[in-house]
Amino acid sequence: MTTFDVRADALDGRTFPPGFVFGAATAAYQIEGSVDADGRGPSIWDTFSHTPGRTFGGHTGDVAADHYRRFPEDVALMADLGLSAYRFSVAWPRVLPQGAGRVEQRGLDFYRRLVDELLGRGVEPWLTLYHWDLPQALQESGGWTDRDTAARFADYAGVVVAALGDRVRHWSTLNEPMCSALLGHRSGQHAPGQQDPVAAARAVHHLLLGHGLAAGALRDAGVESLGITLNFTPMTPASDSVADVDAARRLDGQQNRMFLEPAVHGRYPADVVADLTAAGAPLPVQDGDLDVIAAPLDWLGVNYYFEQTVRVGTRPPGRPTSFIGGEDVVELDPEPPTTTMGWGVSPEAFTDLLLWLRDRAPGLPLVVTENGSAWADEVDAEGAVHDPERVDYLLRHLDAMAEAIERGADVRGYFAWSLLDNYEWARGYAQRFGLVHVDYATQRRTVKDSGHTYAAVLRRHRETS
Ligand code: FCB
């Protein structure tokens, strides 16, 4: 690998705490492919992506980055980059093809091989149990709208920890339950593609209940590093009008506080409960649920990409809201430069978010489990991928995080999204988030400038801490 210096002025004078974890993240359905291999059952994302009109260009995860077959090569890449950790998810339908009942040993064996490869290369595995790929069989009985799915999730957690608990130290239950619940059941832009506020509210609560029950199963098995990953989008009102301020409060409530408060403090925010009830979509809470949901955590996973400015108004046609009772709220277009996802770039909001979490969840260590950006990358004639925008995004967000750490946020790790270009859900293969470029025709991997830059940051960190 060629050496690559960190841009001279970047991260000047910044250091990260000793032992700080630097890694990269992926998710099963986005990279694995081999959807029929070794007894894997279908997930809601197979069904959704194969339904005409649901995804960009009809793209599916059938092949993706072919990681299921190429994982040794990918782990070698991680080691070359100097990553100390790798965050990946286990596909529930590989382990329990029907979601419950019969365990598919070949599915577990794949993850055991992956973990052993990582450990052999000195890369610490950080395992996420659920990154959106619910077994289709469970969807047939209601999916996350059905309370029973929470119990099935805990059973699945028990199966995986029994198989891998001897070699994986860091465990996470859910990735971004906000997306599973609200993008999956309110806006319908993600699987299972419903647009039903009542279903969405039920999914919110059952995902959180599943988290709490699974956390219990992991603790019973002796797990000592346990977290949940939430995605935070800071919401700013477009004006100080009462209506715009209230619009920002409502969206912040459902995007950020509706997941943080129950997981960390065992309560839903009163204003969110009132908003959902007023919208006719109450949270189906039963006695004792919130105690289960507030299972002790060792760290909170924080995913951050962009901030959002909102106002009241008429939504553009064809853009259903992701929020319950959010039909009268409009998201403003961000200031340029915007990524190919159409997302803005706001490192300052990242610092503010980490400081907000320092105050909202005092005493709880934070781990940035995802942060990254999509750009239109190409391999040039020399075989290099120059991605100055991603380099800039990466360095500015690392700097913003260092700033938050200096101001007292207890951040223990950072995982870049993503190791590889991959299947970006409904946006298909058109969105490239990787530090490593993937040519989908040949599956050839090429480390981008941003990957080289990240490796240089990590080298410097190792040398100075
Ligand atoms: C997050 C998801 C991740 C990826 C990034 C861009 O919401 O967790 O799988 O799609 O966005």
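No experiment lies behind these values; they were computed from the predicted model shown. All residue numbers refer to position in the chain's written sequence, counted from 1. With the structure being a predicted model, the display of local features is reserved for residues of pLDDT at least 70 and the display and counting of side-chain atom pairs for 80 or more, all residues being used for whole-chain, interface and lining totals. Computation of side-chain values covers all heavy atoms of the structure but excludes hydrogens and water.

Chemist: Please provide a residue-by-residue account of the overall build of the protein chain, values included.
Modeler: Helix and strand counts for the protein chain come out as 15 helices and 13 strands. Here the C-alpha atoms of the protein chain give a radius of gyration of 21 Å, agreeing with the 23 Å that 2.2 N^0.38 yields for 465 residues. Its C-alpha atoms put the protein chain at 60 × 55 × 45 Å along the principal axes. The buried share of the protein chain, reckoned over its 465 residues, is 60%. Whether two residues are in contact is decided by their heavy atoms: any pair within 4.5 Å suffices. The long-range share in the protein chain, meaning contacts at least 24 apart out of those at least 6 apart in sequence, stands at 77%. Shrake-Rupley sampling with a 1.4 Å probe provides the accessible areas, and residues are treated as covered by the protein chains on show and by no other component. Within the structure as shown, the protein chain displays about 16,900 Å² of accessible surface, and the carbon and sulfur contribution to it stands at 50%. Within the protein chain, one finds 41 positive and 64 negative side-chain charges whose respective centroids are separated by 2 Å. The helix and strand labels rest on DSSP assignments: H or I over at least four residues marks a helix, E over at least two residues marks a strand, and numbering proceeds from the N terminus. For the radius of gyration, the atom set is restricted to C-alpha positions; the globular benchmark scales as 2.2 Å times the number of residues to the power 0.38. Per-residue accessibility, obtained with a 1.4 Å probe over protein chains only, is compared with the maximum for each type, and a residue is labelled buried under 20%, exposed over 50%, and partly exposed between these values. Counted as positive: Lys and Arg. Counted as negative: Asp and Glu. His and the chain ends are not counted at all. Taken as the charge centre is NZ of Lys, CZ of Arg, CG of Asp or CD of Glu, depending on the residue.

Chemist: Any details on the sheet that holds strand S3 (residues 124-130)? Residues and values, ideally.
Modeler: In short, DSSP must find at least two bridges between two strands for them to pair. Taken in spatial order, the eight strands of this closed barrel run S1-S2-S3-S4-S5-S7-S10-S11, and their pairing is parallel. Within this sheet the neighbouring strands show an average axis-to-axis angle of 25°, counted without direction. In the sheet, strand S5 (residues 225-231) pairs with strand S7 (residues 299-303) via five bridges, with the strands oriented parallel. Bridged to Thr229 within S7 is Gly301. Axis definition: a line fitted to C-alpha atoms, over the contacting stretch in the case of helices. Angles run 0 to 180 degrees between N-to-C directions.

Chemist: I'd like a rundown of the site of the ligand, residues and numbers included.
Modeler: Any residue with a non-hydrogen atom lying within 4 Å of a molecule or strand is treated as near it. Around the ligand sit Gln30, His131, Trp132, Asn175, Glu176, Tyr305, Glu370, Trp417, Glu424, Trp425 and Phe433, and that is every residue in its neighbourhood. Polar contacts here mean pairs of N or O atoms no more than 3.5 Å apart (in protein, one a potential hydrogen donor and the other a potential acceptor; neighbouring residues in sequence count only if both atoms are side-chain atoms). Between the ligand and the protein, one listed contact pairs an oxygen atom with a side-chain N or O atom of Gln30 at 2.7 Å. If the ligand stood free it would expose 290 Å²; the protein chains cover 95% of that surface. Charged residues are taken to be Asp, Glu, Lys and Arg, nonpolar residues to be Ala, Val, Leu, Ile, Met, Phe, Trp, Tyr, Cys and Pro, and polar residues to be all remaining types, Gly included. Partitioning the shell around the ligand into residue classes produces five nonpolar, three polar and three charged.

Chemist: Help me get a handle on the layout of surface pockets, residues and values and all.
Modeler: With a 1 Å grid laid over protein atoms only, a set of points is called a cavity when a 1.4 Å probe fits there but cannot get out and a pocket when it is open yet has protein on both sides within 12 Å along at least five of seven lines; lining residues have an atom within 4 Å of a point. Grid points are joined across faces, edges and corners, and a volume is the space filled by probe spheres set on the points. In this structure, the largest pocket occupies an estimated 1,100 Å³ of space. Forming the walls of the largest pocket are 42 residues, and the residues nearest its centre are Leu183, Gln189, Phe306, Met341 and Trp343. No other element matches the three residues that helix H8 (residues 177-185) contributes to the lining of the largest pocket. Within the lining of the largest pocket, the residues separate by chemical class into 19 nonpolar, 14 polar and nine charged. Contributing to the lining of the second largest pocket are Glu307, Gln308, Thr309, Leu332, Asp333, Pro334, Glu335, Pro336, Pro337, Gly344, Val345 and Ser346. Split into classes, the residues belonging to the lining of the second largest pocket amount to five nonpolar, four polar and three charged.

Chemist: Tell me about the nonpolar core, and name the residues and values.
Modeler: Grouped together as the largest cluster of nonpolar side chains are 149 residues, with contacts concentrated most on Trp171, Leu300, Leu354, Leu398, Met401, Tyr414 and Tyr454. Residues contacting Met401, with those up to four places away along its chain left out, are Phe16, Phe20, Phe350, Leu354, Val368, Val411, Gly413 and Tyr414. Among the buried residues, those of types Ala, Val, Leu, Ile, Met, Phe, Trp, Tyr and Cys that are joined through side-chain atoms within 4.5 Å form a nonpolar core.

Chemist: Please set out the side chain of Thr55 residue by residue, giving values where relevant.
Modeler: Here Thr55 lies in the loop between helix H2 (44-49) and helix H3 (67-81). There is a polar contact of 2.7 Å between the side chain of Thr55 and the backbone oxygen of His59.

Chemist: Which residues make up the sheet that holds strand S8 (residues 308-312), and what are the values?
Modeler: Taken in spatial order, the three strands of this open sheet run S6-S8-S9, and their pairing is mixed. Each edge of the open sheet carries a strand with a single partner, namely strand S6 (235-237) and strand S9 (329-331). Direction aside, the axes of adjacent strands within the sheet are offset by 40° on average. Alignment of S8 against S9, held across three bridges, turns out to be antiparallel. Paired with Val310 across the bridge in S9 is Glu331. Helix H10 (residues 242-265) contacts S6, S8 and S9 of the sheet and is inclined by roughly 125° relative to S8.

Chemist: How would you summarise the pattern of salt bridges if you had to cite specific residues and measurements?
Modeler: A side-chain nitrogen of Lys or Arg and a carboxyl oxygen of Asp or Glu constitute a salt bridge if their distance falls within 4 Å. Counted by the stated rule, this structure contains 39 salt bridges. The closest approach of N and O atoms between Asp66 and Arg69, which form a salt bridge, is 3.0 Å. Relative accessible area serves as the criterion here: at 62%, Arg69 is assigned to the exposed category. The partner of Asp246 in a salt bridge is Arg250, with the nearest N and O atoms 3.4 Å apart. Separated by four residues within a single helix, Asp246 and Arg250 lie in helix H10, roughly one turn from each other.

Chemist: How would you explain the side chain of Ser34 if you had to name every residue and give the values?
Modeler: By the element assignment, Ser34 lies in the loop between helix H1 (28-31) and H2. Of the residues examined, Ser34 reaches a relative accessible area of 17% and is grouped as buried. Those residues in contact with Ser34 that sit more than four places away from it in its chain are Arg40, Asp62, Asp66, Tyr68, Arg69 and Arg94.

Chemist: Give a detailed account of unusual backbone geometry, specifying residues and quantitative values.
Modeler: Residue Pro192 is bonded to the preceding Ala191 through a cis peptide linkage, with omega at 10°. Mapping Pro192 onto the fold places it in the loop between H8 and helix H9 (197-220). The residue after Trp417, namely Ser418, is reached through a cis peptide bond having omega 10°. Examined against the element boundaries, Ser418 turns out to sit in the loop between strand S11 (411-417) and strand S12 (436-439). A positive phi angle is found at Leu11, which is not glycine, with a value near 55°. Mapped onto the fold, Leu11 is located in the segment before strand S1 (21-25). Notably, Gln443 is not glycine yet its phi reads approximately 65°, a positive angle. Mapped onto the fold, Gln443 is located in the loop between S12 and strand S13 (444-447).

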